[in-house]
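Observations on the three-dimensional arrangement
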Amino acid sequence: MGILVKNISILGATGSIGQNTLDLVLRERDKFNVVGLTGSDNIELLAESAIKLKADVVATANESKFNDLREILKKYQIEVCGGATGVLEVASRQVDWVMSAIVGSAGLLPGLRALETGANLALANKESMVAAGPIMKKIAKMKSAKLMPVDSEHSAIAQLIRGEERDSLSKIIITASGGAFKNLTKAELIDVTPDQAAQHPNWNMGKRITIDSASLFNKALEIIEAKEFFDLKSSDIEVLIHPQSLVHAIASFCDGGMKAHIGPPDMRHAIAYALYEEKRFNLTMPEVNLAEVGTLKFEKPDMSKYPALELGYEVLAQGGLAGAAFNAAKEEALDNFLDRKLSFLGMADVVRATMDELSSKNHLSSEVELEAVIEIDLQARSVAKKFVGKY
Ligand code: NAD
Ligand code: MG
């Protein structure tokens, strides 16, 4: 009997999650046939990855790099596409499994397109669940496609509740490392720079999510992501600061029992669990030495230091288009922080002001339909831009 080969594509193949996915695929090369890869600015890495994995088609989201990419790949039988439409073209190719690992709301349409083909989707792009969770879930259901979380906390929750009766789950706890500034006071956060925020104590990730980890905007997105993935209410989701990043999530059950998911801070665990569709792969990772760790530390987050998390809870409760607006305003604020036009703490101020303005005009209560999501995304970015100069 031959091996069953799985056809896969990786969207955002040149990023941190994308390259970790590649690493796993290369470990069992004969089990996978790589159809499509996408990237953006780093076309050298995209081309190198496509050659190594013998991909059929690649796309760079950056249109201006299309000719250069084509030039690099001219000796190979690899089709080359460019721009956002090129990325959609790759996402449209029929495969069994797609990794959605583009960063930001740019990942929404490609992820949806992949689901529309009926492919099982490993979702690292949490932004698409935050902005359009109901749409993602509806299409997955319609196509009988699996939608699997690739976020350490959410993969942990999926593993913890597997085999349990859904009604017996009373609460989930997701942990946050506290990011680069966990030991700073709020006053000390005033002057921090993008370079300082981009240093994560435990995880090695892309720049944007690393900065979002320091502000806890990432955790704010994750509580909304958890609501969508596991149909939870705001009061069912707790966040605890756990600086060691060893316990990724805890599930509490109605009989007082709690299950914790412990593992090294390495995204290949969550990626492999999705790649092998809920089967465990022998990752040969060093296991956590609990005797050496000795004590696991948890504390309640200080909401005054982390206004982004407080906002996240409000957005979660609000529902509708609030998630899409929140994510877009956050992306705009982060762009401005990176450009040194906005302070670290100013990001939450800008997002709060944006959400207040959009709510007061009653722009957030509509049904989560794709056109409305795209429209509110643009609107939130333009409102946020207006507030940048004021903070
Ligand atoms: P990254 O910055 O390392 O990589 C981002 C990828 O997206 C790259 O391949 C880049 O070329 C591509 N990209 C950037 N802009 C694009 C655009 N406009 N259109 C199409 N493609 C574009 O990011 P990452 O850390 O790998 O994160 C990817 C996603 O996974 C994010 O949604 C992030 O929140 C999520 N995630 C990451 C981690 C992690 O450990 N890195 C953990 C949990 C969740
Ligand atoms: Mg996470």
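So, a few notes on the structure that sits alongside this text. Computed from a predicted structure; not experimentally measured. (Residues numbered from 1 in each chain as written. Chains lettered and ligands numbered in written order. Predicted model: local features only at pLDDT ≥ 70, side-chain atom pairs only at ≥ 80, totals over all residues. Heavy atoms only, no water.)

1. A short note on the sheet that holds strand 10 (residues 247–253)
To keep it simple, the criterion reads: When DSSP finds two or more bridges between two strands, those strands count as paired. Helix numbering and strand numbering both begin at the N terminus, where a helix is a DSSP run of H or I of at least 4 residues and a strand a DSSP run of E of at least 2. Helix axes use the C-alpha atoms of the stretch in contact, all axes being lines fitted to C-alpha atoms, and the angles between their N-to-C directions lie in the range 0 to 180 degrees.
Spatial strand order, 9-8-10-11: four strands in an open sheet with mixed pairing. The outermost strands of the open sheet, each flanked by one partner alone, are strand 9 (237–241) and strand 11 (258–262). Taken pair by pair, the neighbouring strands of this sheet meet at an average axis angle of 20 degrees, ignoring direction. Of the pairings in the sheet, the one linking strand 10 to strand 11 comprises five bridges and is antiparallel in character. In the strand pairing of strand 11, Ala 249 is matched with His 261.

2. Focus: the packing of aromatic side chains
How we decide: Aromatic rings from Phe, Tyr and Trp, with only the six-membered ring used for Trp, were paired whenever their centres fell within 6.5 Å, and each pair was classed as stacked if the ring planes differed by under 30 degrees, edge-to-face if by over 60, and tilted otherwise. Charge-over-ring contacts are defined here by two conditions on Lys NZ or Arg CZ: a distance within 6 Å of the ring centre and an angle within 35 degrees of the ring normal.
Following the criterion strictly, the structure yields six aromatic pairs and no others. Considering the side-chain rings of Phe 217 and Phe 326, the 5.8 Å spacing of their centres and the 45 degrees angle between planes classify their relative orientation as tilted. Here Phe 217, found in helix 10 (residues 217–230), pairs with Phe 326, found in helix 14 (residues 322–338); they are 109 residues apart in sequence, far enough to count as distant. Among the aromatic side chains, those forming a connected cluster through ring pairs are Phe 32, Tyr 276 and Phe 281. Here the basic side chain of Lys 386 rests over the ring of Phe 387, its NZ or CZ set 5.0 Å away from the ring centre.

3. A closer look at helix 7 (residues 152–161)
Spelled out, the test is: Classification of residues uses two cut-offs on accessible area relative to the type maximum, computed with a 1.4 Å probe and protein chains only: under 20% is buried, over 50% is exposed, and between them is partly exposed. Working rule for contacts: check all heavy atoms of both residues, and any pair within 4.5 Å makes them a contact.
Burial analysis of helix 7 places nine of its ten residues in the buried class, the great majority of the element. Buried-residue contacts for helix 7 involve strand 7 (147–149), strand 8 (169–176), helix 10, strand 10, strand 11 and helix 11 (268–275). Phi for Gly 163, located one or two positions after helix 7, is positive at around 85 degrees.

4. Some points on the coordination of the magnesium ion (ligand 2)
Quick note on the threshold: With water excluded from the atoms, a metal site may look incomplete; its donors are any N, O or S atoms within 2.8 Å, or within 3.2 Å for Na, K and Ca.
Coordination of the magnesium ion (ligand 2) by the protein comes from Asp 151 (OD), Glu 153 (OE), Glu 153 (OE) and Glu 222 (OE), over a distance range of 2.1 to 2.8 Å. Each donor residue of the magnesium ion (ligand 2) lies on one chain, and together they are spaced D-x1-E-x68-E. Given the relative accessible area of 5%, Asp 151 is considered buried. Note on Glu 153: relative accessible area 7%, which makes it buried.

5. Regarding the side chain of Ser 152
With respect to the helices, strands and loops of the structure, Ser 152 is situated in helix 7. Of the residues examined, Ser 152 reaches a relative accessible area of 10% and is grouped as buried. If sequence neighbours within four positions are ignored, Ser 152 has contacts with Trp 203, His 248, Met 267 and Ala 270.

6. Side note on the site of ligand 1
This is how the line gets drawn: In these notes, residues near a molecule or strand are those with any non-hydrogen atom within 4 Å of it. Nitrogen and oxygen atoms within 3.5 Å of one another constitute a polar contact, given that in protein one can donate a hydrogen and the other can accept it, and given that sequence-neighbouring residues count only through two side-chain atoms. For the accessible areas, the method is Shrake-Rupley and the probe is 1.4 Å, while residue cover comes only from the protein chains on display. Residues are grouped as follows: Ala, Val, Leu, Ile, Met, Phe, Trp, Tyr, Cys and Pro are nonpolar; Asp, Glu, Lys and Arg are charged; all remaining types, including Gly, are polar. For the domains described, the bounds stem from an automatic or database domain assignment.
Surrounding ligand 1, one finds 23 residues, the nearest of these being Thr 14, Ser 16, Ile 17, Glu 127 and Gly 206. In this structure, an oxygen atom belonging to ligand 1 sits 3.3 Å away from a main-chain N or O atom of Val 103. Within the contact set of ligand 1, an oxygen atom lies 3.4 Å away from a backbone nitrogen or oxygen of Ala 124. Here ligand 1 has 820 Å² of accessible area as a free molecule, and 84% of this is covered by the chains. Of all elements in the fold, only helix 1 (16–27) and helix 6 (126–142) reach the threshold of two or more residues within the shell around ligand 1. When the residues that make up the shell around ligand 1 are grouped by side-chain class, the tally is twelve nonpolar, eight polar and three charged. When residues of the shell around ligand 1 are sorted by domain, at least three fall in each of domain 1 (6–149) and domain 2 (154–388).

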